[in-house]
Amino acid sequence: MTQMAAIMQMTCFILVLFCILLESKASNFSKRHEFFDVILNEDYDPRIPPMHDGNPVLNTIQLYILGIDSISDSTMDFKMSFFLRQRWYDDRLAYAERFNFSKVELDNRVMSKVWIPDLYIKNEKKSEVHAVTVPNKLMHLYPDGLVVYSMRVTGTFSCQMYLQKYPLDQQTCSMQMESFGYSTDTLTFQWNDVPLLTKPNLTLPQFSIGHVTNHTCDITYSNGNSTVTFTCLGIDIEMSRSYGYYIIQVYVPSFLIVCLSWVSFWLNIDAVPARISLGLLTVLTMTTQSSGARATLPRVSYIKAIDVWMATCLLFVFIALIEFSIVNVKARVQQRRLSLNKLPLLIHNKEEANVENPEITKKSRDNARRVDKISRILFPTAFFGFNIIYWTVYVLWIPENQLHN
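Given the structure is predicted, the values throughout are model-derived calculations rather than measurements.

Structural notes on the overall build of the chain
At step 1: The number of helices and strands found in the chain is nine helices and 13 strands.
At step 2: Put simply, the chain has 405 residues, and 38% of those count as buried.
At step 3: For the chain, long-range pairs separated by at least 24 residues make up 78% of all intrachain contacts whose partners lie at least 6 apart in sequence.
At step 4: Surface accessibility of the chain: about 24000 Å² in total, with carbon and sulfur atoms responsible for 59%.

Structure (structure tokens):
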């Protein structure tokens, strides 16, 4: 009997506890209903910003960069994913005196009933808020009227690139966030104490990411006889192009093609088909290589580093082909002169006219060989000298338009 009584007491205790929990949940559920009825009632107008004593709304912003997916040189833009986090105070939503919630988490369907800042990204080309499986947004309300609003965004943003040093260049891509309709009299932006966060081990295949900095970019527009100032915040992402790909795919092949054109200087001056074929092959190959290297670049009016390299390589292989023409002409010039001098003899004494002068022939061939010997030293020396100047200038030089950024 004693054991049965203990079991009965334990069962009663569990039932009472369960009833208390149900009542607590029901009470909490009813309080949340009451919260929305009281706070988000007909008196709350989401069309009106929560200005307090005439002071502008202060919106504190933080960015968490998830990834930079791609950077396009041809269209001059970059694609980035990030969390955009905003914080501001709305006194109309303060509930400390009426409810004891530590915070209230709003559903996506309720967020539209709350005023939010009209932030937009100035250099946006295309963007979207992720919506799988629901719109990736959150909004939390705190007892003192603090509103925390966050969304996950992926967008394509324009990036003004300076390609004078391409592919040995460094670029700075920016993103600017501005109020679209509210002036600084109504709304101002400021950075959070920790303004920028990035995902660990953030990498790119074509670039290495350097410093990511933030700044203020308030802008004043002229509106007829008056001016209006809009709040603005921006970030700058410094990126250095990884040129290992270009060394392997562009510089080394073109370097070897130029070296291949020098083989012509070591061939016999009588090997006309071989030297012409080698010269034309290297010229055509360099032309194709040059077109392929610049196919993905925009048609800018200034000269890029890759243009200087390709043009110089093409010039070297072209001059190597011209060198053979000079050698061929020098090898035959004395023979042509001898033939012209023999024309009168062809009429009177055919056998005497057919007699060749071996000294003249040898002299012309020696002159031709001398040009080849000089070219064997001059061409490599000039090309290696160009390499020293090229790499020194484009590694150390900083374009003037980037110094002002």
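Let us keep going from here.
Here's the deal with the environment of Asp185
At step 1: Within the element layout of this structure, Asp185 appears in the loop between strand S8 (170-179) and strand S9 (187-198).
At step 2: The exposure class of Asp185 is exposed, given its relative accessible area of 57%.
At step 3: Taking the C-alpha atoms as reference points, Asp185 and Pro56, separated by 129 residues in sequence, lie 5.6 Å from one another.
At step 4: Once residues lying within four places of it in the same chain are set aside, the contact partners of Asp185 are Met51 and Pro56.

Focus on the nonpolar core
At step 1: Ranked by internal contacts, the top residues of the largest apolar core, which has 78 residues, are Leu63, Met80, Phe82, Leu141, Met175, Met177 and Ile235.
At step 2: Considering every element that reaches this core, the biggest residue donor is helix H5 (residues 305-341), with nine residues.
At step 3: Contacts of Met80, omitting those with residues within four sequence positions, involve Ile65, Gly67, Ile68, Val153, Thr154, Gly155, Phe157, Met175, Ile235 and Ile237.
At step 4: Among the nonpolar cores identified, the runner-up in size contains five residues, and Ile269, Val327, Ala331 and Val371 belong to it.

Digging into the confidence of the model for the chain
At step 1: On average, residues of the chain score 84 in pLDDT, and 84% of them are at 70 or above.
At step 2: Mean pLDDT values for the elements of the chain range from 50 in helix H7 (residues 350-353) up to 96 in strand S7 (residues 146-158).
At step 3: Contacts from residues 18-29, a stretch scored under 50 in pLDDT, to residues over four places away or in other chains number one contact.

Some words on helix H4 (residues 272-293)
At step 1: When the terminal C-alpha atoms of H4 are compared, their 32 Å separation across 22 residues agrees well with the 32 Å that a helix rising 1.5 Å per residue should span.
At step 2: Considered for burial, the residues of H4 that qualify are Arg275, Leu278, Gly279, Thr282, Val283, Met286, Gln289, Ser290 and Ala293. The buried side chains of H4 occupy one side of the element, clustering within an arc of 130° when seen end-on. For H4, the exposed residues set more than 90 degrees away from the buried face come down to Pro273, Leu284, Thr288 and Gly292.

So, the state of the cysteines
At step 1: Under the counting rule described, the total for this entry stands at two disulfides.
At step 2: The partner cysteine of Cys159 in its disulfide is Cys173, sulfur to sulfur 2.1 Å. With the S-S bond torsion at -85°, the cross-link from Cys159 to Cys173 turns out left-handed. Of this pair, Cys159 sits in the loop between S7 and S8 while Cys173 is found in strand S8, placing the two residues 14 residues apart along the sequence. Across this residue pair, the class does not change: Cys159 and Cys173 are buried.

Digging into a nonpolar patch on the surface
At step 1: A grouping of Leu315, Phe318, Ile319, Ile322 and Ile326 is seen on the molecular surface, where their side chains present a nonpolar patch of about 420 Å² in accessible area.
At step 2: Assignment of secondary structure puts Ile326 in helix H5.
At step 3: With relative accessibility at 42%, the residue Ile326 sits in the partly exposed group.

Overview of empty space enclosed by the protein
At step 1: Evaluation of the coordinates by the stated rule reveals one cavity of 30 Å³ or more.
At step 2: Space inside the largest cavity adds up to approximately 30 Å³.
At step 3: Every residue lining the largest cavity is listed: Ser261, Ser264, Arg275, Leu278, Gly279, Thr282, Ala320, Leu321 and Phe324.
At step 4: Looking at which element gives the most residues to the lining of the largest cavity, the answer is H4, with four residues.
At step 5: Looking at the lining of the largest cavity, its residues break down into four nonpolar, four polar and one charged.

Examining the side chain of Arg241
At step 1: Along the chain, the position of Arg241 falls in strand S13 (residues 232-241).
At step 2: Polar contacts involving the side chain of Arg241 include one to the side chain of Asp73, which spans 3.0 Å.
At step 3: Among the polar contacts listed, one links the side chain of Arg241 to the side chain of Asp169, at a separation of 2.6 Å.

Observations concerning the sheet that holds S8
Pairing between the strands of a sheet is mediated by backbone hydrogen bonds and can be parallel or antiparallel.
At step 1: Spatially, S4-S8-S13-S10 is the arrangement adopted by the four strands of the open sheet, whose pairing is antiparallel. Every interior strand has two partners, whereas the edge strands, strand S4 (119-121) and strand S10 (207-216), have only one. On average, adjacent strands in this sheet sit at an angle of 20° to one another, irrespective of strand direction.
At step 2: Note: S8 against S13, nine bridges, orientation antiparallel. Among the inter-strand pairings, Thr172 is bridged to a residue of S13, identified as Glu238.

A few points about helix H3 (residues 244-261)
At step 1: Its 18 residues give H3 an end-to-end C-alpha distance of 25 Å, which sits within 8% of 26 Å, the value for a rise of 1.5 Å per residue.
At step 2: Of all the bends in H3, the greatest, near 30°, is centred on Tyr251, and the proline Pro253 appears no more than four residues after it.
At step 3: Along H3, the positions that sit buried rather than exposed are Tyr246, Val250, Tyr251, Ser254, Ile257, Val258 and Ser261.

Digging into unusual backbone geometry
At step 1: For the bond running from Val132 to Thr133, omega is -5°, close enough to zero to count as cis.
At step 2: Within the secondary structure layout, Thr133 lies in the loop between strand S5 (124-129) and strand S6 (137-141).
At step 3: The phi angle at Met76 is positive, at roughly 50°, despite the residue not being glycine.
At step 4: Here Met76 is to be found in the loop between strand S1 (57-72) and strand S2 (77-89).
At step 5: Met76 sits in the buried class, given a relative accessible area of 16%.

About the criteria used
Residues numbered from 1 in each chain as written. Predicted model: local features only at pLDDT ≥ 70, side-chain atom pairs only at ≥ 80, totals over all residues. Heavy atoms only, no water. Helix = DSSP H or I, 4+ residues; strand = E, 2+ residues; numbered from the N terminus. Buried < 20%, exposed > 50% of the residue type's maximum accessible area, 1.4 Å probe, protein only. Contact = heavy atoms within 4.5 Å. Areas by Shrake-Rupley, 256 points an atom, 1.4 Å probe, with all protein chains shown as cover. Core = buried A, V, L, I, M, F, W, Y, C linked by side-chain atoms within 4.5 Å. pLDDT = per-residue confidence, 0-100. Expected span 1.5 Å × (residues − 1). Arc of directions from axis to C-beta. Disulfide = S-S within 2.5 Å. Patch = residues over 30% accessible without salt bridge, like charges linked within 9 Å, V, L, I, M, F, W, Y side chains within 5 Å. Salt bridge = Lys/Arg side-chain N within 4 Å of Asp/Glu carboxyl O. 1 Å grid on protein atoms, 1.4 Å probe; cavity = no way out; pocket = protein on both sides within 12 Å on 5 of 7 lines; lining within 4 Å. Points joined across faces, edges and corners; volume = space filled by probe spheres on them. Nonpolar A, V, L, I, M, F, W, Y, C, P; charged D, E, K, R; others polar. Polar contact = N/O pair within 3.5 Å; in protein donor to acceptor, adjacent residues only side chain to side chain. Pairing = 2+ DSSP bridges. Axes fitted to C-alpha atoms, helices over the stretch in contact; angles between N-to-C directions. Bend = angle between axes of the 7 residues up to and from the residue.

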